[in-house]
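Descriptive analysis of the structure
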Amino acid sequence: MAKVSIIVPTYNVEPYLVECMESIVNQTLEDIEVICINDGSTDGSLAILQRYAEKDGRITVVDKENGGYGMGMNIGLDRASGEYIGIVEPDDFVPVNMFGDLYKKAKENDLDFIKADFYRFERAENGDMVLTYNHLDRTNGHYNKVFDPSHTPEAIRFIMNTWCGIYRRDFLEKFKIRHNETPGASFQDNGFWFQTFAFAKRAMIIDKPYYMNRRDNPNSSVKNMQKIYCINVEYDHIRDVLMEHPDTWRRFKGYYTLKRFHNALTTIRRIDVAFRPDYVNRFSKEMKRARDLGEMDESLFTPAERDNINLLIGRPALYYKLKVATLKDDNYADGNSNFKQMRDELNKIKKSKSYRLGRAIMYIPVRLKRLAKRVYRKINKMRKGYKNNG
């Protein structure tokens, strides 16, 4: 039995796949198995995976017709034999010490799962990486200690992802934790993530970044403008799963509704403007249902969010006019929609002759200004010293 099984769910990621696979096969933890699920790729992804499998006996390739992310992940979970299971998305990559470090901590603390902070990144044309550090827990209150997620519903506020850690396979099997098998890559990781927090007894998050999450893949599911109601379908699924466990549902239903609310807001900004009016109407009905059934804990929302919910439920048409119609059609994705455009424009400016000439002209004045500031600070320090001694 391997210490860690790593699942790589693959679909049309040829430009990024070698970088991903190199980061996995060179892990300092050598006792791993790698299960690559090729979900009907039409580019060169399958050939790349097969080349790696020919050279490394730890790698298994499952080639299947396209059936969606959830189905592919479940095949990988069913085939995994490792003590712990990790996930690496094929357009991402990981440091070579990630799985060794996480496995050691998981064993030392007898954990159902362990997760770490991570980086999101984009690459400039010259290959330079633009990194954004992401803290799982923005309150810093849960790091580096064992906690019981099943009785810590506030942990649902952590950043949602399934790939920055490892999960004990026996734990996943005990609670039959799997992905929803809806078509395509339709945010099925939300359900898997929710179940791991709702049922785990021993977990840890650590304030050290490992995983490298790509944000410049134009084919990423978060940038798919046609996936309109997929997040709503996924959260209906999560609700059904949690309601099978009444005590768990009672503890988590307020935070579940909070998470559903935030994901719907993200979806409104992500989808095409033509679909937004109908989406707001559905969003309004879902929030009304949650309130009527006692599934909404308004104390978890900010005052501004509560005002928006009241408007959304009471007057959805006005909510659309005031809160949605004014949004720009910016192909929103993960709160950073214009980043690439701004970065490209800045790179063009930096390459221009006028920019380089301006830098050359200003070099000496800027240096003189910095020198003057240092001299000024030293004089003030000397004056204060004289006063204290006098």
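We now examine the nonpolar core. Within the largest apolar cluster, 99 residues are counted, with the highest numbers of intra-cluster contacts made by Val-4, Met-21, Ile-24, Phe-99, Ile-166, Phe-194 and Phe-283. For this core, the leading source of residues is helix 8 (residues 246–270), giving 8 residues. In this structure Met-21 touches Val-34, Cys-36, Leu-49, Tyr-52 and Ile-59, once residues within four positions along its chain are discounted.

On to empty space enclosed by the protein. In total, this model carries 3 cavities of 30 Å³ or more according to the counting rule given. Along its surface, the largest cavity is lined by Arg-239, Tyr-256, Thr-257, Arg-260, Glu-286, Met-287, Arg-289, Ala-290 and Glu-295. With 4 residues, helix 9 (residues 276–292) is the single largest residue contributor to the lining of the largest cavity. The residue inventory of the lining of the largest cavity, partitioned by class, reads 3 nonpolar, 1 polar and 5 charged.

Here we come to helix 7 (residues 230–243). Along its 14 residues, helix 7 runs 20 Å from first to last C-alpha, staying within 8% of the 20 Å computed at 1.5 Å per residue. Residues of helix 7 that are buried include every one of Cys-230, Ile-231, Asn-232, Glu-234, Tyr-235, Ile-238, Arg-239, Val-241 and Leu-242, and no others. Structurally, helix 7 contributes buried residues whose contacts are with helix 6 (189–199), helix 8 and helix 9.

This part takes up the side chain of His-179. Structurally, His-179 is set in the loop between helix 5 (169–174) and helix 6. Among residues more than four places away in sequence, those in contact with His-179 are Tyr-69, Gly-70, Met-73, Asn-74, Leu-77, Gln-188, Asp-189 and Phe-192.

This part is about the packing of aromatic side chains. Throughout the structure, instances matching the rule amount to 21 aromatic pairs. With a centroid separation of 6.0 Å and an interplanar angle of 70°, the aromatic rings of Phe-194 and Tyr-256 are classed as edge-to-face. Remark: Tyr-256 occurs in helix 8 and Phe-194 occurs in helix 6; sequence separation between them is 62 residues. Taken individually, Phe-194 and Tyr-256 each receive the classification buried, so the pair is uniform in this respect.

This part takes up unusual backbone geometry. For Asn-12, which is not glycine, the phi dihedral falls at a positive 50°. Within the fold, Asn-12 resides in the loop between strand 1 (4–10) and helix 1 (14–25).

According to the stated counting rule, one finds 18 salt bridges in the structure shown. Of the charged contacts in the structure, one is a salt bridge between Arg-239 and Glu-295, with a shortest N-O distance of 2.5 Å. Here Arg-239 is found in helix 7, whereas its partner Glu-295 is found in the loop between helix 9 and helix 10 (303–314), with 56 residues between them in sequence. The exposure class assigned to Arg-239 is buried, which follows from its relative accessible area of 12%. Assessed through its relative accessible area of 5%, Glu-295 is described here as buried. Residues Lys-288 and Asp-292 are paired through a salt bridge, measuring 2.8 Å at the closest nitrogen-oxygen approach. Highlighted residues: Lys-288 and Asp-292, both in helix 9, separated by 4 residues, approximately one helical turn. We classify Lys-288 as partly exposed; its relative accessible area is 42%.

Quick look at the pairing of strand 2 (residues 32–39) now. Burial within strand 2 is extensive, with 8 of its 8 residues counted as buried. Side chains Ile-32, Val-34, Cys-36 and Asn-38 of strand 2 all project onto a buried face; the interleaved residues Glu-33, Ile-35, Ile-37 and Asp-39 project onto the opposite face, where all are buried too. Sheet analysis places strand 1 next to strand 2, joined by 7 bridges and oriented parallel. The residue of strand 2 that forms the bridge with Pro-9 is Ile-37.

What follows deals with the environment of Gly-254. Here Gly-254 shows up in helix 8. In this structure the C-alpha to C-alpha distance between Gly-254 and Glu-154, which are 100 residues apart in sequence, comes to 9.5 Å. In this structure, Gly-254 is in contact with Glu-295, Asp-297 and Leu-300, ignoring residues within four places of it in sequence.

Here the focus is the pairing of strand 3 (residues 59–64). Bridging between strand 2 and strand 3 involves 6 bridges; their strand directions are parallel. Note on strand 3: the bridge partner recorded for Val-34 is Ile-59. Crossover strand 2 to strand 3 through helix 2 (residues 45–55) is right-handed.

Rules of the game
Residue positions are counted from 1 within each chain, in the order its sequence is given. Note on the predicted model: pLDDT of at least 70 is required for a residue's local features to be given, and 80 or more for side-chain atom pairs to be given and counted; whole-chain, interface and lining totals, by contrast, use all residues. To get the side-chain values, take all heavy atoms of the structure and skip hydrogens and water. Buried residues of nine kinds, namely Ala, Val, Leu, Ile, Met, Phe, Trp, Tyr and Cys, make up a nonpolar core once their side-chain atoms join them within 4.5 Å. Think of it in three bands: with a 1.4 Å probe and only protein chains considered, a residue is buried below 20% of the maximum accessible area for its type, exposed above 50%, and partly exposed in between. Helix numbering and strand numbering both begin at the N terminus, where a helix is a DSSP run of H or I of at least 4 residues and a strand a DSSP run of E of at least 2. Contacts were defined at the residue level, with two residues in contact if any of their heavy atoms lie within 4.5 Å. Only protein atoms enter the calculation, which uses a 1 Å grid: trapped sets of points that fit a 1.4 Å probe without letting it out are cavities, open sets showing protein on both sides within 12 Å along at least five of seven lines are pockets, and any residue with an atom within 4 Å of a point is a lining residue. Grid points are joined across faces, edges and corners, and a volume is the space filled by probe spheres set on the points. Any residue outside Ala, Val, Leu, Ile, Met, Phe, Trp, Tyr, Cys, Pro, Asp, Glu, Lys and Arg is labelled polar, Gly included; the first ten of those are nonpolar and the last four are charged. Between the first and last residue of a helix there are one fewer steps than residues, each counted as 1.5 Å, and that sum is the expected span. Ring pairs are drawn from Phe, Tyr and Trp, using the six-membered ring of Trp, whenever the two centres fall within 6.5 Å, and their geometry is named by plane angle: stacked under 30 degrees, edge-to-face over 60, tilted for the rest. One speaks of a salt bridge when a side-chain nitrogen belonging to Lys or Arg is within 4 Å of a carboxyl oxygen belonging to Asp or Glu. Two strands form a pair only when DSSP identifies at least two bridges running between them. Here a crossover is taken to be right-handed if, once the strands point away from the viewer, the path from the first strand over the helix to the second is traced clockwise.

Nothing here speaks to function; it is geometry throughout.
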